[in-house]
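# Results of the structural survey
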Amino acid sequence: MPDQVPDEVKADRNTRLLQAAERVSADHSRRLVGQTIELLVDGTSKKNAGELSGRTRCNRVVNFDGQGRASVGELASVHIDQALPHSLRGTLASRPEETACLSK
């Protein structure tokens, strides 16, 4: 059934949905700040080739300075220092704490 909803209404609904999803994601990321988590190092940071990038068990991107002690393909313990719009920033730590992904 074409043209049941005007394009302006569709665009407004889409914008509101994207804003809500962004708020939920930001809240979950902020809840990880201060936690030490284990992640899989999967490459270098897209914005800084001197830093490593990895993913948490709940698939969040974390950028951090590997300090020559972490390598691609390894598991690393990283303390989450900052939540950014599309990633987390952290510092290499000594051991992971048991942390839930906070995906609920």
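Below or above, wherever it landed, is the structure these notes cover.

The secondary structure content of the protein amounts to one helix and five strands. Ordered by position in the sequence, the α and β elements of the protein form the string α-β-β-β-β-β. Relative to the globule expectation of 13 Å for 104 residues, the C-alpha radius of gyration of the protein, 18 Å, shows a markedly less compact shape. The principal-axis extents of the C-alpha atoms in the protein amount to approximately 60 × 30 × 20 Å. Within the span of the protein, comprising 104 residues, buried residues form 28% of the whole. Looking at the protein alone, contacts between residues at least 24 apart form 52% of all its contacts between residues at least 6 apart. Of the side-chain charges in the protein, 15 are positive and 14 negative, and the distance between the mean point of each set is 3 Å.

Another point: helix 1 (residues 7-32). Along its 26 residues, helix 1 runs 38 Å from first to last C-alpha, staying within 8% of the 38 Å computed at 1.5 Å per residue. Taken residue by residue, helix 1 has His 28, Ser 29 and Leu 32 as its buried positions. Where helix 1 is buried, its residues touch strand 4 (75-83) and strand 5 (88-92). Downstream of helix 1 by one or two residues, Gly 34 has phi in the positive range, about 95°.

It is worth spelling out the pairing of strand 2 (residues 52-56) at this point. Across the five residues that make up strand 2, a large majority, four, are buried. When strand 1 (residues 36-44) meets strand 2, the two strands line up antiparallel, connected through five bridges. Note that in strand 2 the partner of Leu 39 across the bridge is Thr 56. Where strand 2 hands over to strand 3 (residues 61-65), the hairpin turn is made up of four residues, of which Asn 59 adopts a positive phi near 70°.

Cut-offs used in this document
- Residues numbered from 1 in each chain as written.
- Predicted model: local features only at pLDDT ≥ 70, side-chain atom pairs only at ≥ 80, totals over all residues.
- Heavy atoms only, no water.
- Helix = DSSP H or I, 4+ residues; strand = E, 2+ residues; numbered from the N terminus.
- Rg over C-alpha atoms; globule rule 2.2 N^0.38 Å.
- Buried < 20%, exposed > 50% of the residue type's maximum accessible area, 1.4 Å probe, protein only.
- Contact = heavy atoms within 4.5 Å.
- Lys, Arg positive; Asp, Glu negative; His and termini not counted.
- Charge placed at Lys NZ, Arg CZ, Asp CG, Glu CD.
- Expected span 1.5 Å × (residues − 1).
- Pairing = 2+ DSSP bridges.

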